[in-house]
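Commentary on secondary and tertiary structure
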Amino acid sequence: MVASSDSFTATFSYKGQSATETDISHQTTKSQLLSLARNTLQVSDDVLIKLLFKGKIIAQDVMATDATNDDEEHNQQPAFADGVAIPKSGAKVIVMATDATKIQILNTGRSDPLMRGFDDERESKKISEPPSFWGSELGKQHKEYKFCRFQECTDASFGTRPGVTTPHAFEARRLLERLATDPGVVAILTSRELVVGTLGEMDPIDDRLMQKKQQEGACLLGYNTNHGMRIDIKLRTDDLSGFRPYNELSATLIHELSHNWVGEHNILFWTNYGQMRCEYLWTHSCLMLGGVFANGKRTSELAGVNEMIQPNTANRVQRSKPLDKPQLMENICKSVIQELAKEMSQHHIPVQLVEPAVLEFSRELMMETKDDIANMDAGGQRLGGASASSSEQSGRTARERALAAAEKRAREASKKN
């Protein structure tokens with residue numbers, strides 16, 4: 001290395017050219033080094049140059065219009081400080097040049113209003129983001145227990161049949177988000193502490209699992225991959241003209257969530273599924289009793305489950321007194337048992353094997369949420385989970401009691417068989 005008191009050579013490289021200057025020392029100022037580089041390489045005066053040594057800027061020109069006293073003092077400082085080590089072969093300096101006219105045009109020009117920075121993009125997204133289907137208060141997932149991603153099918157992924165107009169992929173994504181933020185679904189995920197990696201749309205045409213089920217005489221409406229890593233739901237009708245009814249989609253989603261614990265359609269699975277359906281319907285019933293509206297309608301009406309909570313709603317004369325909690329829960333249990341009987345018959349399992357566990361869970365759920373209904377405000381508080389006080393008194397969460405009851409019924413059924 002060259003001592004700080006000795007002189008050394010500096011080789012300037014610019015656009016494939018090289019020029020060497022001798023008698024450079026640690027006392028050579030930045031202004032002097034810039035003049036040497038410009039004269040040696042014959043760089044025109046209308047070009048601003050910048051000198052780099054070992055990857056760092058050691059000197060640079062400043063436009064005359066932007067120059068200040070601080071810049072002039074800065075350029076009078078040594079280009080190579082005393083602590084900078086210079087190789088014995090000399091300093092290799094890279095010269096970069098920029099046309100001063102282009103810099104002036106860039107500085108005086110107006111920014112393109114169509115070009116947005118990252119901060120502007122984030123703010124724009126917040127402003128333009130459409131409101132949630134369930135309202136500003138209810139339409140939110142839990143911070144921890146939620147669906148992490150959404151994936152819809154694009155038109156190109158499954159093709160379209162001639163003469164058929166299918167809903168756009170944007171609409172499919174909004175429907176997935178509607179399912180994920182459904183108050184009943186949020187209550188199920190939260191009480192059971194579930195996290196699903198991806199909620200996706202099942203390909204309505206070219207899905208191999210669906211085709212295999214159809215060959216077996218069954219109908220595949222969704223499937224669960226790796227116990228909740230990914231859940232796919234068949235959103236569209238067979239003719240692709242629209243989406244399936246929402247109440248069917250929510251029931252399919254809950255069905256697939258039950259597969260997070262049990263893969264086979266056995267007694268334990270149907271018990272857990274029935275309890276989850278009760279919790280889903282009860283959450284909407286609590287919102288109904290609490291006088292909560294979402295976009296001017298009851299959440300049970302938006303979810304399409306009014307008939308399961310209050311049968312014959314359309315044909316019934318307006319009641320002078322609304323149904324109380326036991327009546328609503330009784331209606332829910334009847335609806336769920338009927339639904340289970342129909343679905344379980346395909347697997348040749350009698351519904352009587354799971355009915356006691358479902359009824360017991362419904363009674364516990366009604367007792368756990370009694371304080372939620374009494375204290376609920378019209379802002380849209382999320383219901384369906386046990387309060388802190390009730391959880392402490394019972395000693396076990398609703399999920400633990402539900403699984404214990406289901407396992408008990410499964411053991412009893414196996415002994416009878």
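Our structure's up above, just so we're on the same page.
Residues numbered from 1 in each chain as written. Predicted model: local features only at pLDDT ≥ 70, side-chain atom pairs only at ≥ 80, totals over all residues. Heavy atoms only, no water.

1. What to know about the packing of aromatic side chains
- The final tally for this structure, using the stated rule, is seven aromatic pairs.
- Measuring from ring centre to ring centre gives 5.0 Å for Phe269 and Trp270, while their planes differ by 80 degrees; the resulting arrangement is edge-to-face.
- Under the relative-accessibility criterion, Phe269 is labelled buried at 0%.
- Overall, the relative accessible area of 1% leaves Trp270 in the buried class.
- Measuring from centroid to centroid gives 6.3 Å for Phe269 and Tyr273, while their planes differ by 0 degrees, and the two rings are stacked. (Phe/Tyr/Trp six-rings, centres within 6.5 Å; stacked < 30°, edge-to-face > 60°. Buried < 20%, exposed > 50% of the residue type's maximum accessible area, 1.4 Å probe, protein only.)

2. Considering the nonpolar core
- In terms of nonpolar packing, the biggest core is built from 59 residues, with Phe147, Leu199, Leu253, Leu257, Tyr280 and Leu340 touching the most fellow members.
- It is helix H11 (residues 267-289) that contributes the most residues to this core, twelve residues altogether.
- When near neighbours in sequence (up to four residues on either side) are disregarded, Tyr280 contacts Asp182, Gly184, Val185, Ile188, Tyr246, Ser250, Ile254, Ala303 and Val305.
- Core analysis: the second largest hydrophobic core is formed by 23 residues, Tyr14, Ala37, Phe80 and Ile86 among them. (Core = buried A, V, L, I, M, F, W, Y, C linked by side-chain atoms within 4.5 Å. Helix = DSSP H or I, 4+ residues; strand = E, 2+ residues; numbered from the N terminus. Contact = heavy atoms within 4.5 Å.)

3. Considering the sheet that holds strand E9 (residues 230-233)
- A sheet is described by the order of its strands in space; here four strands give the open sequence E6-E7-E9-E8, paired in mixed fashion. On the outer flanks of this sheet lie strand E6 (147-151) and strand E8 (222-225), each paired with one strand and no other. Taken pair by pair, the neighbouring strands of this sheet meet at an average axis angle of 15 degrees, ignoring direction.
- Where E8 lies against E9, four bridges are found, and the strand directions are antiparallel. Looking across to E9, one finds that Asn224 is bridged to Ile231.
- Sitting on the sheet, helix H7 (residues 169-180) is in contact with E6 and strand E7 (196-201), with an inclination near 160 degrees to E6.
- Running at roughly 150 degrees to E9, helix H10 (residues 246-258) makes contact with E6, E7, E8 and E9 of the sheet. (Pairing = 2+ DSSP bridges. Axes fitted to C-alpha atoms, helices over the stretch in contact; angles between N-to-C directions.)

4. Examining the sheet that holds strand E4 (residues 56-60)
- The strand order E2-E1-E5-E3-E4 describes an open sheet built from five strands, whose pairing is mixed. With partners counted over all chains shown, the strands left at the sheet margins are strand E2 (17-24) and E4, one partner each. Going from strand to strand, the sheet's axes swing by 30 degrees on average, the running direction of each strand aside.
- With six bridges joining them, strand E1 (residues 8-14) and E2 adopt antiparallel strand pairing. Bridged to Tyr14 within E2 is Gln17.
- The sheet contacts of helix H1 (residues 30-41) involve E1, E2, strand E3 (47-53), E4 and strand E5 (91-99), and relative to E3 the element is tilted by about 110 degrees.
- With respect to the sheet, helix H3 (residues 100-108) is in contact with E3 and E5, its orientation differing from that of E5 by roughly 55 degrees.

5. Observations regarding unusual backbone geometry
- One non-glycine residue, Asp23, lies in the positive phi region at around 55 degrees.
- Checked against the element boundaries, Asp23 lands in strand E2.
- Residue Asp23 is classed as exposed on the basis of its relative accessible area, which comes to 62%.
- Here Lys54, not a glycine, exhibits a phi torsion of approximately 55 degrees, which is positive.
- Note that Lys54 resides in the loop between E3 and E4.

6. Some thoughts on the pattern of salt bridges
- Going through the model one piece at a time under the given rule, you end up with twelve salt bridges.
- Between Arg173 and Glu177 there is a salt bridge whose closest N-O contact spans 3.6 Å. You can see Arg173 and its partner Glu177 sitting in helix H7, four residues apart, about one turn around the helix.
- Since its relative accessible area comes to 29%, Arg173 is described here as partly exposed.
- Its relative accessible area of 32% is what places Glu177 among the partly exposed residues.
- The residue Glu279 makes a salt bridge to Arg192 at a minimum N-O spacing of 2.4 Å. Of this pair, Glu279 sits in helix H11 while Arg192 is found in the loop between helix H8 (183-191) and E7, placing the two residues 87 residues apart along the sequence. Per residue, the accessibility class of Glu279 equals that of Arg192, and both read buried. (Salt bridge = Lys/Arg side-chain N within 4 Å of Asp/Glu carboxyl O.)

In short, geometric facts, not functional conclusions.
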